[in-house]
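Each chain, written out:
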Amino acid sequence: MGRLFKTYLTGPSIICCLNCKTHLTLHDQLISKQFQGRHGTAFLFGTCSNITVGPSEDRTLTTGMHIVADIYCIDCGETLGWKYEFAKEESQKYKVGKYILEKAKIQKEVNFGTQHQQHSLVALDNSIM
């Protein structure tokens, strides 16, 4: 298969794959916590790294019909959520190009100077996220 090249993010809070700890995005990229995924609560992020994007498909979601593509961790292959490719409703177009990451599939890494702690988002209250 070839060498896997991953992007390592720096910042006070990094969102990682729960399965393999691969960096996905910075907490600063969080747009909204008001989303529902296949496995419960999900979050909308502006950017995402270290993922592969699956084929686009029409999907009826809570807010209507969208064209989305599932996203997978580049390291372990875990399905993390989806990317919005197209929104048919004008009020939903702000989502296009953004990423849904499911709370059950990610964790937040918090850096405090030299200390390094990992917190499972599954166990944390949404107010902390």
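For the structure, see preceding data.
The sections below set out a description of the structure shown in this document. Quick caveat, the model's predicted, so the values are computed rather than measured.

## Quick notes on the sheet that holds strand β6 (residues 64-73)
Judged by pairing direction, the sheet is antiparallel, and its 6 strands sit side by side in the order β3-β4-β8-β7-β6-β5 without closing on themselves. Each having just a single partner strand, β3 (30-37) and β5 (51-61) make up the two edges of the open sheet. Between one strand and the next, the sheet's axes are offset by a mean angle of 30°, whatever the strand orientation. Pairing analysis gives 3 bridges linking strand β7 (residues 79-87) to strand β8 (residues 99-102), with the strands arranged antiparallel. Bridging across to β8, K83 finds its partner in Y99.

## Some words on the state of the cysteines
Taken as a whole, this structure holds 0 disulfides when the rule is applied. Among the cysteines around C20, which has no disulfide bond, C73 carries the closest sulfur, lying 3.4 Å off. Take C20: its relative accessible area is 23%, and that puts it in the partly exposed class.

## Regarding the packing of aromatic side chains
Enumeration over the complete set of coordinates arrives at 1 aromatic pair. Aromatic side chains W82 and Y84 sit 6.4 Å apart centroid to centroid with 75° between the ring planes, which places their arrangement in the edge-to-face category. Pair check on accessibility: W82 and Y84 agree, each one buried. Positioned over the ring face of W82 is R59, at 5.8 Å from the centre of the ring.

Thresholds, definitions, all that
Residues numbered from 1 in each chain as written. Predicted model: local features only at pLDDT ≥ 70, side-chain atom pairs only at ≥ 80, totals over all residues. Heavy atoms only, no water. Pairing = 2+ DSSP bridges. Helix = DSSP H or I, 4+ residues; strand = E, 2+ residues; numbered from the N terminus. Axes fitted to C-alpha atoms, helices over the stretch in contact; angles between N-to-C directions. Disulfide = S-S within 2.5 Å. Buried < 20%, exposed > 50% of the residue type's maximum accessible area, 1.4 Å probe, protein only. Phe/Tyr/Trp six-rings, centres within 6.5 Å; stacked < 30°, edge-to-face > 60°. Lys NZ or Arg CZ within 6 Å of the ring centre and 35° of its normal.

In short, shape yes, function no, at least from these values alone.
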